[in-house]
Protein chains: 2
Amino acid sequence: MLRYFGLLRRTMEPFFAGHGISVSQWGMLRALLRADHDGHTGLRLMDLGERLLVRPPSVSGVVRRLTAMGLVKTVPSGDDHRARLVSLTAKGRQLVERVGEAHVQRVREIYAALDEHELAGLSSSLSKLCHRMEEISRENCEKEQA
Amino acid sequence: MLRYFGLLRRTMEPFFAGHGISVSQWGMLRALLRADHDGHTGLRLMDLGERLLVRPPSVSGVVRRLTAMGLVKTVPSGDDHRARLVSLTAKGRQLVERVGEAHVQRVREIYAALDEHELAGLSSSLSKLCHRMEEISRENCEKEQA
DNA sequence: GACTATTAGTTAGCACGCTAAGCAGTTAGA
DNA sequence: TCTAACTGCTTAGCGTGCTAACTAATAGTC
């Protein structure tokens, strides 16, 4: 079971590396593209962290590297002087759209191993497991507080 | 889909942290316990790497930390003067057996979210996907060589 | 026997995740 | 109003993964 875990990483990483980015960087770029499509002018680091299920320091690091690559820019938020809004640069948008197409194709290629019924079952099972794990995490949090 | 990925980590890590070890360390201890049951006197770092799907430098690091914790010991291999054989100390064996019981229970707790049929489907689907990903990795390797 | 190739492992250096601790800026309560 | 609590983010430091480059031992080849 855990084998799937490692294999997925080892399949994805070289793919994104071919485009010059890492899996985490891809995740962030995609989140920013979506936010843009939803009409947001930018996302705060906290928002990014929530969407990517990642803690603030990790977000900072990825943003810093993407900024250095010129794929992303940050501007101070007008509302809250603590916050910074992250958004795609033209270069970043171009890259994420290009990689996105290849990625969709790659995902299709992998999931071609399953028929529709299996795919539906997998999706349902994973979502149930996610749900269960969230419950357990919550229980443990409460225990710790007690 | 990828959500499952992160959630699994975030559920497992605190669990093992409660026993003072990390997920990788657990993986290595378990591999060593299994090897012991199979009658091996110890595993070379390369063997461990293959079983855990991890590259040599990462193995070295985990072994170093486990050694520092007194859970594992290494002796030079008689056959090959380059190699080192890793095995559990008494303390390590005791810990892995204790954690193992709790771990089995925890896994059961999570997979209780699925019925038998779903579980079988999940297992089959994941193994098909693993197979597919291995194929793709192999194809890419061959492409690179060309 | 000597010369190369392969193999086991290490070290250096990076990306990415985390926690803990600290700094601003913001909000809320006395 | 003024202090206290919270929030957004950064820094420091660690564990784990990787690649690349290196050492040392083994194996193969002439």
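Scroll up to find the structure.
The rules we used
- Residues numbered from 1 in each chain as written.
- Chains lettered and ligands numbered in written order.
- Predicted model: local features only at pLDDT ≥ 70, side-chain atom pairs only at ≥ 80, totals over all residues.
- Heavy atoms only, no water.
- Near = heavy atom within 4 Å.
- Polar contact = N/O pair within 3.5 Å; in protein donor to acceptor, adjacent residues only side chain to side chain.
- Pairing = 2+ DSSP bridges.
- Helix = DSSP H or I, 4+ residues; strand = E, 2+ residues; numbered from the N terminus.
- Contact = heavy atoms within 4.5 Å.
- Axes fitted to C-alpha atoms, helices over the stretch in contact; angles between N-to-C directions.
- Phe/Tyr/Trp six-rings, centres within 6.5 Å; stacked < 30°, edge-to-face > 60°.
- Buried < 20%, exposed > 50% of the residue type's maximum accessible area, 1.4 Å probe, protein only.

Colleague: I'd like a rundown of the protein's contact with DNA strand C, residues and numbers included.
Modeller: Residues in close proximity to DNA strand C total 24 residues, the closest being Ser22(A), Arg65(A), Ser60(B), Arg82(B) and Arg84(B). A share of 78% of the atoms of DNA strand C within 4 Å of the protein falls on sugar and phosphate groups. A distance of 2.4 Å separates a phosphate oxygen of DNA strand C from a polar side-chain atom of Arg65(A). A distance of 2.3 Å is found between a base oxygen of DNA strand C and a side-chain nitrogen or oxygen belonging to Arg82(B).

Colleague: Let's hear about the sheet that holds strand E3 (residues 84–88) of chain B: which residues, and what values?
Modeller: All names here are of chain B. Reading across the sheet, the 3 strands line up as E1-E3-E2 and stay open at both edges, with antiparallel pairing between neighbours. Looking at the sheet topology across the chains shown, the edges are occupied by strand E1 (43–44) and strand E2 (72–76). Pairing analysis gives 5 bridges linking E2 to E3, with the strands arranged antiparallel. Within E3, the position partnered with Thr74 by the bridge is Val86. Across the sheet, helix H2 (residues 23–37) touches E1, E2 and E3, and the angle it forms with E3 is around 95 degrees.

Colleague: How would you sum up the packing of aromatic side chains? Please name residues and give values.
Modeller: Scanning all chains against the criterion turns up 4 aromatic pairs over all chains. Ring geometry for Phe15(A) against Phe16(A): centres 5.0 Å apart, planes inclined by 70 degrees, an arrangement best described as edge-to-face. For Phe16(A), a relative accessible area of 0% translates into the label buried. Considering the side-chain rings of Phe16(B) and Trp26(B), the 5.3 Å spacing of their centres and the 25 degrees angle between planes classify their relative orientation as stacked. Remark: Trp26(B) occurs in helix H2 and Phe16(B) occurs in helix H1 (residues 2–17); sequence separation between them is 10 residues. Residues Phe16(B) and Trp26(B) agree in their burial class; the two are buried.

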